[in-house]
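A closer look at the structure
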Amino acid sequence: MTTAVTYLFDPLCGWCYAAAPALGRLQGTPGVHVALAPSGLFAGAGARPMDAQFAAYAWSNDQRIEKLTGQRFTQAYRDNILGAPAGRFDSGPATLALTAVAQTAPDRELDALHALQRARYIDGRDTADAQVLADVLTSLGLADAAALTLAPDAALHRAMVERVASSQATLRAVGARGVPQLVVRGEGGALRLIGGDALLGPHERLLELVLAAA
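These numbers were taken from a predicted model, which means no experiment stands behind them.

When its secondary structure is counted, the chain shows 10 helices and 6 strands. Against the 2.2 N^0.38 benchmark of 17 Å for 214 residues, the chain shows a C-alpha radius of gyration of 17 Å, consistent with a compact globule. Summarising its shape, the C-alpha atoms of the chain cover approximately 50 × 40 × 30 Å along the three principal directions. Going through the 214 residues of the chain one by one, you find that 48% of them count as buried. Restricting the contact set of the chain to residue pairs at least 6 apart, pairs at least 24 apart contribute 71%. About 10100 Å² of surface is accessible on the chain, with carbon and sulfur atoms providing 52% of the total. Positive and negative charge centroids in the chain, built from 18 and 20 side chains respectively, lie 6 Å apart.

Our focus in this paragraph is the pairing of strand 5 (residues 181–185). Of all 5 residues that make up strand 5, 4 are buried, and the element is covered over most of its length. Sheet analysis places strand 1 (residues 3–9) next to strand 5, joined by 4 bridges and oriented antiparallel. Residue pairing for strand 5: leucine 8 is matched across the bridge by glutamine 181. Sheet topology places strand 5 next to strand 6 (residues 191–195); 5 bridges connect them, and they run antiparallel. Residue leucine 182 lies in a different strand from strand 6, and its bridge partner there is isoleucine 194.

The next point concerns the packing of aromatic side chains. Counted under the stated rule, the structure contains 10 aromatic pairs. Ring geometry for tyrosine 17 against phenylalanine 73: centres 5.1 Å apart, planes inclined by 85°, an arrangement best described as edge-to-face. With tyrosine 17 in helix 1 (residues 14–18) and phenylalanine 73 in the loop between helix 3 (52–69) and helix 4 (75–82), this pair connects stretches of sequence that are 56 residues apart. Pair check on accessibility: tyrosine 17 and phenylalanine 73 agree, each one buried.

Our next topic: the pairing of strand 2 (residues 32–38). Burial analysis of strand 2 places 5 of its 7 residues in the buried class, which makes it a mostly covered element. Relative to strand 2, strand 1 is paired through 7 bridges, and the arrangement is parallel. Considered in strand 2, the bridge of threonine 3 is made with valine 32.

Bringing the sheet that holds strand 6 into the picture now. The strand order 2-1-5-6 describes an open sheet built from 4 strands, whose pairing is mixed. Each edge of the open sheet is held by one strand with a lone partner, namely strand 2 and strand 6. Direction aside, the axes of adjacent strands within the sheet are offset by 25° on average. Of the strands in this sheet, strand 1, strand 2, strand 5 and strand 6 touch helix 9 (residues 154–173), which is tilted by about 110° from strand 2.

Here helix 5 (residues 92–104) crosses helix 8 (residues 143–150) at 140°, and the two axes come no closer than 8 Å. Here helix 8 runs oblique to helix 5, going by the angle between their axes. Where helix 5 crosses over helix 8, the handedness of that crossing is right-handed. Together, Ala97, Ala100, Val101, Gln103 and Thr104 of helix 5 and Asp144, Ala145, Leu148 and Thr149 of helix 8 make up the contact between the two elements. Looking at the contact of helix 5 with helix 8 residue by residue, the classes come out as 5 nonpolar, 3 polar and 1 charged.

So, on to unusual backbone geometry. It is generally the case that most residues other than glycine have a negative phi and that most peptide bonds are trans. Residue valine 179 is joined to proline 180 through a cis peptide bond whose omega torsion reads 5°. With respect to the element layout, proline 180 can be found in the loop between helix 9 and strand 5. The backbone of alanine 86 sits at a positive phi, close to 60°, despite the residue not being glycine. Tracing the backbone through its elements, the reader meets alanine 86 in the loop between helix 4 and strand 4 (88–89). For alanine 86, a relative accessible area of 82% translates into the label exposed.

What counts, and at which threshold
- Per-chain numbering applies: the sequence of each chain, read as written, is numbered from 1 onward.
- This being a predicted model, a pLDDT of at least 70 is required before a residue's local features are given, and a value of 80 or more before pairs of side-chain atoms are given or counted; all residues contribute to the totals for chains, interfaces and linings.
- Side-chain calculation: all heavy atoms of the structure are included, whereas hydrogens and water are not.
- Counting from the N terminus, the helices are the DSSP runs of H or I reaching at least four residues and the strands are the DSSP runs of E reaching at least two.
- Both definitions apply: the radius of gyration is a C-alpha atom measure, and the globule rule equals 2.2 Å times residues to the power 0.38.
- Working definition: with a 1.4 Å probe on protein chains only, accessible area under 20% of the residue-type maximum means buried, over 50% means exposed, and in between means partly exposed.
- Working rule for contacts: check all heavy atoms of both residues, and any pair within 4.5 Å makes them a contact.
- Accessible surface is estimated by sampling points in the Shrake-Rupley manner with a 1.4 Å probe; for residues, cover comes only from the protein chains shown.
- Charge counting follows a simple rule: Lys and Arg are positive, Asp and Glu are negative, and His as well as the terminal groups are ignored.
- For the purpose of locating charges, the reference atoms are NZ of Lys, CZ of Arg, CG of Asp and CD of Glu.
- Two strands qualify as a pair provided DSSP detects at least 2 bridges between them.
- Only rings of Phe, Tyr and Trp enter the pairing, Trp through its six-membered ring, and a pair is recorded when the two centres are within 6.5 Å. The plane angle decides the type: under 30 degrees is stacked, over 60 is edge-to-face, the rest tilted.
- Here an axis means a line fitted to C-alpha atoms, over the contact stretch when the element is a helix, while the angle between two N-to-C directions is reported on a 0 to 180 degree scale.
- Each angle receives one of four descriptions, namely roughly parallel if under 35 degrees, roughly antiparallel if over 145, roughly perpendicular if within 65 to 115, and oblique otherwise.
- Note on convention: near helix rotated counterclockwise from far helix by under a right angle means a left-handed crossing. Clockwise means right-handed.
- Asp, Glu, Lys and Arg are counted as charged, while Ala, Val, Leu, Ile, Met, Phe, Trp, Tyr, Cys and Pro are counted as nonpolar; the rest, among them Gly, fall into the polar class.

Here it is, written out as structure tokens:
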């Protein structure tokens, strides 16, 4: 029997980046399937300009995440992303790109998410830029998703809107706010929340929680 786990996240969420190693191990566990559910937290109305005040806040938070988890945030990210003139903090484009992957190569979506996170936080590449997103997807061999990202059609936009709405409904159903969150579909279809903190602790404990909730 497969244990179905929903991962609620946003591609520009620093704590979601911190959870990447745990997600990779969880997805690689026999009998566990992780489905990605982008929440749209920093897209649409949640997007904002990258002004100096917000950049300073983000860098401070990122340094805290690095100290606690070991996930790196480089000077290239600080200079090119947080320090970009007229930059935007907008996860809509990356969410659209991941939706393109979900439609064309669904088993590679977690790989794509992790590659986009590395591109942003390690390489300092702007993952709100469609060309950057397409380049990253192409480097993973996801040419169809890259093409869709550069020329999205109405169906792709609808699929993204539906995914975000479903994710937000799941967050409401389990009484959670913010991301990352894990939700396990248990016996009888009941949804059981595993808080995002579990993604930052020992893998054995995370797996125990996931299997106990199933």
